[in-house]
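Listed below are the residues making up each chain.
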Amino acid sequence: MKTTRKILCMALVLVSLFALVSCSTFGGIKSNFEKNDYTYIELDEDNAIIKSITAELEEGEITCTMHLFSKNGQLIPKLALVLEFTSDKDLQKAIAEDGSETLKGFLKDVQESDYVNGNCLLFPLSITEADSMKEIFNK
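What counts as what
Residues numbered from 1 in each chain as written. Predicted model: local features only at pLDDT ≥ 70, side-chain atom pairs only at ≥ 80, totals over all residues. Heavy atoms only, no water. Helix = DSSP H or I, 4+ residues; strand = E, 2+ residues; numbered from the N terminus. Buried < 20%, exposed > 50% of the residue type's maximum accessible area, 1.4 Å probe, protein only. Pairing = 2+ DSSP bridges. Contact = heavy atoms within 4.5 Å. Axes fitted to C-alpha atoms, helices over the stretch in contact; angles between N-to-C directions. Arc of directions from axis to C-beta. Phe/Tyr/Trp six-rings, centres within 6.5 Å; stacked < 30°, edge-to-face > 60°. Lys NZ or Arg CZ within 6 Å of the ring centre and 35° of its normal. Core = buried A, V, L, I, M, F, W, Y, C linked by side-chain atoms within 4.5 Å.

Asks: Can you walk me through the environment of F69 in this structure?
Replies: With respect to the secondary-structure elements, F69 resides in strand 2 (residues 64–71). Here F69 falls in the buried class, since its relative accessible area comes to 0%. Placed 35 residues apart in sequence, F69 and E34 show a C-alpha to C-alpha distance of 8.4 Å.

Asks: Help me understand the sheet that holds strand 5 (residues 120–124) in this model?
Replies: In a beta sheet, neighbouring strands pair by backbone hydrogen bonds and run either parallel or antiparallel. Spatial ordering of the open sheet is given by 1-2-3-5-4, a layout of five strands whose pairing is antiparallel. The strands lining the two open edges of the sheet, one partner per strand, are strand 1 (39–41) and strand 4 (116–117). As judged from the five bridges shared by strand 3 (residues 78–85) and strand 5, these two strands associate in the antiparallel manner. Looking at strand 5, one finds that L81 is bridged to F123. Its contacts with the sheet put helix 2 (residues 26–35) on strand 1, strand 2, strand 3, strand 4 and strand 5, and the angle it makes with strand 3 is roughly 170°.

Asks: Is there a simple way to think about helix 2 in this case?
Replies: Structural remark: α-helix, 3.6 residues per turn; residues separated by three or four positions point the same way. Within helix 2 the residues assigned to the buried category are F26, I29, N32 and F33. One face of helix 2 carries all of its buried residues, which in axial projection span an arc of 125°. In this structure, helix 2 carries G27 and K35 as exposed residues pointing more than 90 degrees from its buried face. If you follow the buried residues of helix 2, they end up packed against strand 1, strand 2, strand 3, strand 4, strand 5 and helix 7 (130–137). Backbone geometry just downstream of helix 2 places D37 in the positive-phi region, at approximately 65°.

Asks: Any chance you could explain the packing of aromatic side chains here in plain terms?
Replies: With the rule as written, the count across this model stands at five aromatic pairs. Each residue in the set F26, F33, Y38, Y40 and F69 is aromatic and connected to the rest through ring pairs, giving one cluster. K30 extends its terminal NZ or CZ atom over the ring of Y40, reaching a point 4.5 Å from the ring centre.

Asks: Whenever I open this one, the nonpolar core confuses me. Can you help?
Replies: As a rule of thumb, nonpolar side chains are buried together in soluble globular proteins. Membership of the largest hydrophobic core comes to 30 residues, with the highest contact counts inside it found for F33, V82, L83, F85, L103 and L121. When contributions to this core are tallied by element, the ones reaching two or more residues are helix 2, helix 3 (48–59), strand 2, strand 3, helix 4 (88–95), strand 5 and helix 7. In terms of residues, this core owes the most to one element, strand 3, which gives five residues. Look past the residues within four positions of V82 in its chain and what remains in contact with it is F26, I29, F33, T65, M66, H67, F69, C120, L121, L122 and F137.

Here it is as structure tokens:
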């Protein structure tokens, strides 16, 4: 009986760890962008835009990681910014009425479901490619 309990406890611990690790949808999003010839670019944390967005979110005790993808275009590279929040709850808090003014301004005139996937939020920085980026983001 004690052995069964130990095995059951270990199984529950493993299932819990798997659930925690698989909570973020970013891994799938990154894979989808890379399959569509986008390159992942490391962001400079000292960038003024990144600092302003993260500072605004941190005021509401929300943390997020920003990821940038680039694809060479004919004249101008196509850029997609993905904000990865720690949880779905943090993302919802960031776009709620008392959340980030920057994010609310972006989402004001669009269907938020097109730009939200799990705990991630898409900012298509290339307007002409926004539809294809949303498609890749939501695969």
